[in-house]
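# Tertiary structure, described
If you want the building blocks of each chain, they are given just below.
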Amino acid sequence: MTNNWVDIKNANLIIVQGGNPAEAHPVGFRWAIEAKKNGAKLIVIDPRFNRTASVADLHAPIRSGSDIAFLMGVIRYLLETNQIQHEYVKHYTNASFLVDEGFKFEDGLFVGYNEEKRNYDKSKWNYQFDENGQAKRDMTLQHPRCVINILKDHVSRYTPEMVERITGVKQKLFLQICEEIGKTSAPNKTMTHLYALGFTEHSIGTQNIRSMAMIQLLLGNMGMPGGGINALRGHSNVQGTTDMGLLPMSLPGYMRLPNDKDTSYEQYINAITPKDIVPNQVNYYRHTSKFFVSMMKTFYGDKATKENGWGFDFLPKADRLYDPITHVKLMNDSKLHGWILQGFNVLNSLPNKNKTVAGMSKLKFLIVMDPLQTESSEFWKNFGESNNVNSSEIQTEVFRLPTTCFAEEDGSIVNSGRWAQWHWKGCDQPGEALPDVEILSMIREEMHHLYQKEGGRGIESFEAMTWDYAQPHSPSAVELAKELNGYALEDLYDPNGNLMYKKGQLLNGFAHLRDDGTTTSGNWLYVGQWTEKGNQTANRDNSDPSGLGCTIGWGFAWPANRRVLYSRASLDINGNPWDKNRQLIKWNGKNWNWHDVADYGTQPPGSDTGPFIMSAEGVGRLFAVDKIANGPMPEHYEPVESPIDTNPLHSAVVSDPTVRIYPEDKEFIGSNKEFPFVATTYRLTEHFHSWTAQSALNIIAQPQQFVEIGEKLAAEKGIQKGDMVKITSRRGYIKAVAVVTKRLKDLEIDGRTVHHVGLPIHWNMKALNGKGNRGFATNTLTPSWGEANTQTPEYKTFLVNIEKVGEA
């Protein structure tokens, strides 16, 4: 979230697209209801009339996988009707920047496409630069190569007629929604956008989010209370997971893991540190070396020296993109021999379940760390007729290590709004269960003994790692939290020679990190969470002098306890608020702090320093230069499995040409001739993923797998409420109880009638009631190709067939 949950109450308009918070985030959704009580309108854009739609002012049924067409149509409308926040767009976005003369978009492809490699040379996706390397601008916005004019040309094809043709949303309803969105271009109005996995789990997921971010920039809603782009995380610590570098190609603090092309520390740091391209901008990522070196000092202590690149030489260098889908491929290719699953029930989480089982069957060993006995820990068993496992042929040795649940240990949890909040142990764990950190520490300890005894590759980096805990086999949550925060390794002085920290003191903020080896921090985002004043994540002061839900005394929000990101953009260039009733920061003669922690520094009113301090330009990007794999501007591409045979915008390029599809996965692509219906997946309030399939009360509330089918499709297929049906994709099949509903309507798409079916993802194959899912998992059906930027599978839109069958 750029903002936070409580801030939703400040919005005049709430767009929910790619989420269903009333169902999946019922506690947080209270703030949307508060906004409605204050007069806000709520609009839901979703294939289903879901629980959120039931309390909305408008619901737009949209074809799954067509969100970009809808949102590009909104941008066209805003530009055509001149409903943008002009001063904001002029000064706070890259609308005025001139785009490289070599950039073009033709017939569905951006310039630089390499068909053989299925990727782009992005060198022309950039600005024009002067002789000093500074980006050229035209503040009159008249130059034809201005970003705003390039954008106008790009979205000109997304007429209301084309939007209806692609998305199925009727033109009248589309224009009604555009009108409501356009109203928030007024400086005293804001719109907030709420999304979840319904936006991200697509082959164009990154561009879905980019599309709405661009709309919010045009409207002047980024940095504003009641505005922003707000991701609704599906678990209580998903945000913390990505923050801490648990993504396969990421280090803590969203720094890229080095790859085998990074030959030295200097080369790597230069590659990941953006260069100044506009005078007088903060470009805060210029401090990346300070984040990195402080992290390396945390990892390797005295062993991290200037001579070895501050520990860069110890880090693994990736030879390819690694992610769970790649892991499954490598297993099937007999190139990955061991797998550790930590709190990860892959058979219910990864797509194309049968392919995952086949890969796991070739492993030499599998370690499962989980509080529960999961399908993944017994993958060799046949749970039902959909499994074709020959257990006698599987040689994989499985080790099950029972772990604690979060309530059985101290620690912190980070919510969607970036708030780190401390929680205290509520009870002891049962039986032999141990905290994850203790299990991993003991594995490390045993590996260390084996290295000392037998040697082996990687011993130098393994032994270089620091492990300075009171009990090496069991680091405490307090020790880890302080380590993430960071310390001064020497007495530290400010530029005027004043002592800031004594050696060994905890740091107060990431601005104090250094790249000379005198500071540590396991994650620069979390500097300030545990200072000499104590545990800031345990703060519980809910006072709100702003009246805007900005309770900076509650927990700790990264970075720097900031509650609304880019808040300097809520004021004009002279420091005057766009809306005096939404003011969180103001100039006090020294800085911009007031009710919130500003993210701008000490540049006074009238400065030409932009508010988007993490970008080299200092502004928000309507054109994403060379950062995004599938285009600097979003474009509608059909899902890999499309219910229509073409792309109405460009028939030569139907689906995103950069989607990662492994050669062996091409056989798993289904056609709309064999599989005519669009399936999408979602969650229910009554279950927590598949955990609660072993909880009696949850099973009573929602006992077994069902599929939602629209009334018209049910009539065509002769299916009645309560019938057992078989849902088949190119990857396999499941059986489920039919729920015939008005919530799903047929849509007219490019001259065809398209039906959706809805599939909840709960009920694992080992349900408590003895039948539950009867051996079926929804992810038997889902595809495993990956989005070009994140490798996220296309869970939310794929093709199936459905037919009535006898009892399973």
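Note that this is a predicted model, so its numbers are computed, not measured.

Rules and cut-offs
Residues numbered from 1 in each chain as written. Predicted model: local features only at pLDDT ≥ 70, side-chain atom pairs only at ≥ 80, totals over all residues. Heavy atoms only, no water. Helix = DSSP H or I, 4+ residues; strand = E, 2+ residues; numbered from the N terminus. Rg over C-alpha atoms; globule rule 2.2 N^0.38 Å. Buried < 20%, exposed > 50% of the residue type's maximum accessible area, 1.4 Å probe, protein only. Pairing = 2+ DSSP bridges. Axes fitted to C-alpha atoms, helices over the stretch in contact; angles between N-to-C directions. Core = buried A, V, L, I, M, F, W, Y, C linked by side-chain atoms within 4.5 Å. Contact = heavy atoms within 4.5 Å. Parallel < 35°, antiparallel > 145°, perpendicular 65-115°, else oblique. Nonpolar A, V, L, I, M, F, W, Y, C, P; charged D, E, K, R; others polar. Arc of directions from axis to C-beta. Patch = residues over 30% accessible without salt bridge, like charges linked within 9 Å, V, L, I, M, F, W, Y side chains within 5 Å. Areas by Shrake-Rupley, 256 points an atom, 1.4 Å probe, with all protein chains shown as cover. Salt bridge = Lys/Arg side-chain N within 4 Å of Asp/Glu carboxyl O. UniProt positions renumbered as here; feature names shortened; annotations may be inferred. Phe/Tyr/Trp six-rings, centres within 6.5 Å; stacked < 30°, edge-to-face > 60°. Expected span 1.5 Å × (residues − 1). Left-handed = near helix turned anticlockwise from the far one by under 90°.

## Focus on the overall build of the protein chain
- Helices and strands together make up the secondary structure of the protein chain, namely 20 helices and 29 strands.
- Its C-alpha atoms give the protein chain a radius of gyration of 27 Å, near enough to 28 Å, the size a compact globule of 808 residues would have.
- Here the C-alpha coordinates of the protein chain stretch approximately 80 × 70 × 55 Å along the principal axes.
- Here the protein chain, with 808 residues, has 58% of them falling under the buried criterion.

## Describing the sheet that holds strand E14 (residues 397–402)
- In space, the three strands of this open sheet follow the order E12-E13-E14, with parallel pairing throughout. Whereas interior strands pair on both sides, the edge strands pair on one side only; in this sheet they are strand E12 (338–342) and E14. Taken over all neighbouring pairs, the strand axes of this sheet differ in orientation by 10 degrees on average, direction set aside.
- Judged from the five bridges that link them, E12 and strand E13 (residues 365–370) form a sheet pairing that is parallel. Across the sheet, the residue bridging to Gly 338 is Phe 365, located in E13.

## Description of the nonpolar core
- Phe 70, Ile 75, Phe 103, Ile 181, Ile 215 and Leu 622 are the most contacted members of the largest nonpolar core, which totals 79 residues.
- With ten residues, helix H3 (residues 67–80) is the single largest residue contributor to this core.
- When residues no more than four places from it in sequence are discounted, the contact partners of Phe 103 are Phe 110, Val 111, Lys 124, Trp 125, Arg 145, Ile 150, Phe 623, Pro 632 and Met 633.
- Core analysis: the second largest hydrophobic core is formed by 45 residues, Tyr 265, Phe 312, Tyr 501 and Tyr 526 among them.

## Considering the packing of H3 against helix H6 (residues 160–167)
- It is at 9 Å that the axes of H3 and H6 come closest, and there the two elements cross at 170 degrees. Considered as vectors, H3 and H6 are oriented roughly antiparallel to each other. Taken together, the residues of H6 that come into contact with H3 (itself represented by Ala 69, Phe 70, Gly 73 and Arg 76) are Pro 160, Val 163, Ile 166 and Thr 167.
- Among the residues making up the contact of H3 with H6, the classes are represented as five nonpolar, two polar and one charged.

## Focus: helix H2 (residues 30–37)
- Those residues of H2 not exposed but buried are Trp 31, Ala 32 and Ala 35. Mapping the buried residues of H2 onto a view down its axis gives an arc of 105 degrees, with all of them on the same face.
- On the buried face of H2, the contacting elements are strand E1 (13–17).
- Where H2 terminates, the next one or two residues include Gly 39, which has phi positive at roughly 105 degrees.

## Some words on a nonpolar patch on the surface
- A cluster of nonpolar residues, Leu 372, Phe 688 and Trp 691, forms a patch on the protein surface that exposes about 250 Å² of accessible area.
- Here Leu 372 is to be found in the loop between E13 and E14.

## Section: the side chain of Ser 211
- In this structure, Ser 211 sits in helix H9 (residues 205–219).
- For Ser 211, the contacting residues outside a window of four places in its chain are Ile 68, Leu 71, Met 72, Ile 75 and Pro 634.

## Details of the pairing of E13
- Within E13, five of the six residues are buried, which leaves the element mostly enclosed by the surrounding structure.
- Pairing geometry for E13 and E14, over six bridges, is parallel. Residue Met 369 lies in a different strand from E14, and its bridge partner there is Leu 401.

## Overview of the UniProt feature "domain: Molybdopterin oxidoreductase" (unreviewed entry) in the protein chain
- Mapped onto the present numbering, the UniProt feature "domain: Molybdopterin oxidoreductase" (unreviewed entry) falls on residues 2–374.
- As annotated, residues 2–374 has a helix share of 35% and a strand share of 12%, and its two end C-alpha atoms lie 35 Å apart.

## Here we look at the packing of aromatic side chains
- Counting across every chain of the model gives 34 aromatic pairs.
- With a centroid separation of 5.2 Å and 55 degrees between ring planes, the pair formed by Tyr 268 and Phe 292 is classed as tilted. Separated by 24 residues along the polypeptide, Tyr 268 in helix H11 (residues 265–272) and Phe 292 in helix H12 (residues 288–300) bring together distant segments of the chain. Comparing Tyr 268 with Phe 292, the two get one shared label, buried.

## Focus on helix H7 (residues 171–183)
- Counted at 1.5 Å a residue, the expected span for H7 with its 13 residues is 18 Å, and the 18 Å between its end C-alpha atoms agrees.
- Those residues of H7 lying buried are Leu 173, Phe 174, Ile 177, Cys 178, Glu 180, Ile 181 and Gly 182.

## With respect to the sheet that holds strand E2 (residues 41–45)
- The sheet built from five strands is open, its strands ordered E3-E2-E1-E8-E9 with parallel pairing. At either margin of the open sheet sits one strand with a lone partner, and together these are strand E3 (58–60) and strand E9 (229–231). Strand-to-strand twist across the sheet, computed as the mean angle between neighbouring axes with direction ignored, equals 20 degrees.
- Where E1 lies against E2, five bridges are found, and the strand directions are parallel. Bridge pairing in E2 links Val 16 to Val 44.
- Where H7 meets the sheet, it contacts E1, E2, E3 and strand E8 (191–195), and its direction lies at approximately 125 degrees from that of E3.

## Section: the environment of Gly 65
- As for its placement among the helices and strands, Gly 65 is situated in the loop between E3 and H3.
- Measuring from C-alpha to C-alpha, the distance between Gly 65 and Glu 201 comes to 9.5 Å, with 136 residues separating the pair along the chain.
- Dropping the residues within four chain positions of it, Gly 65 is found in contact with His 202, His 636, Tyr 637, Pro 639 and Thr 797.

## Description of the environment of Gly 509
- Among the structural elements, Gly 509 can be located in the loop between strand E18 (499–501) and strand E19 (530–531).
- Since its relative accessible area comes to 16%, Gly 509 is described here as buried.
- For the pair Gly 509 and Tyr 526, spaced 17 residues apart in sequence, the C-alpha to C-alpha distance is 8.3 Å.
- Apart from residues lying up to four places away in sequence, Gly 509 is in contact with Tyr 501 and Val 527.

## Here we look at the environment of Pro 26
- Mapping Pro 26 onto the fold places it in the loop between helix H1 (21–24) and H2.
- Residue Pro 26 is classed as partly exposed on the basis of its relative accessible area of 43%.
- Beyond its immediate sequence surroundings of up to four residues, Pro 26 is in contact with Pro 21 and Thr 685.

## A look at the pairing of E8
- Where burial is concerned, most of E8 is hidden: five out of the five residues are buried.
- The alternating pattern of E8 places Met 191, His 193 and Tyr 195 on one face and Thr 192 and Leu 194 on the opposite face, and all of these are buried.
- Pairing geometry for E1 and E8, over four bridges, is parallel. Bridge pairing in E8 places Ile 14 opposite Thr 192.
- Sheet analysis places E8 next to E9, joined by three bridges and oriented parallel. If you follow His 193 over to E9, its bridge partner there is Ile 229.

## So, the packing of H6 against H7
- At a minimum axis separation of 9 Å, H6 and H7 run at an interaxial angle of 115 degrees. Put simply, H6 runs roughly perpendicular to H7. Note on packing geometry: the crossing formed by H6 with H7 is right-handed. Taken together, the residues of H7 that come into contact with H6 (itself represented by Pro 160, Glu 161, Val 163 and Glu 164) are Gln 171, Phe 174 and Leu 175.
- Looking at the contact of H6 with H7, its residues break down into four nonpolar, one polar and two charged.

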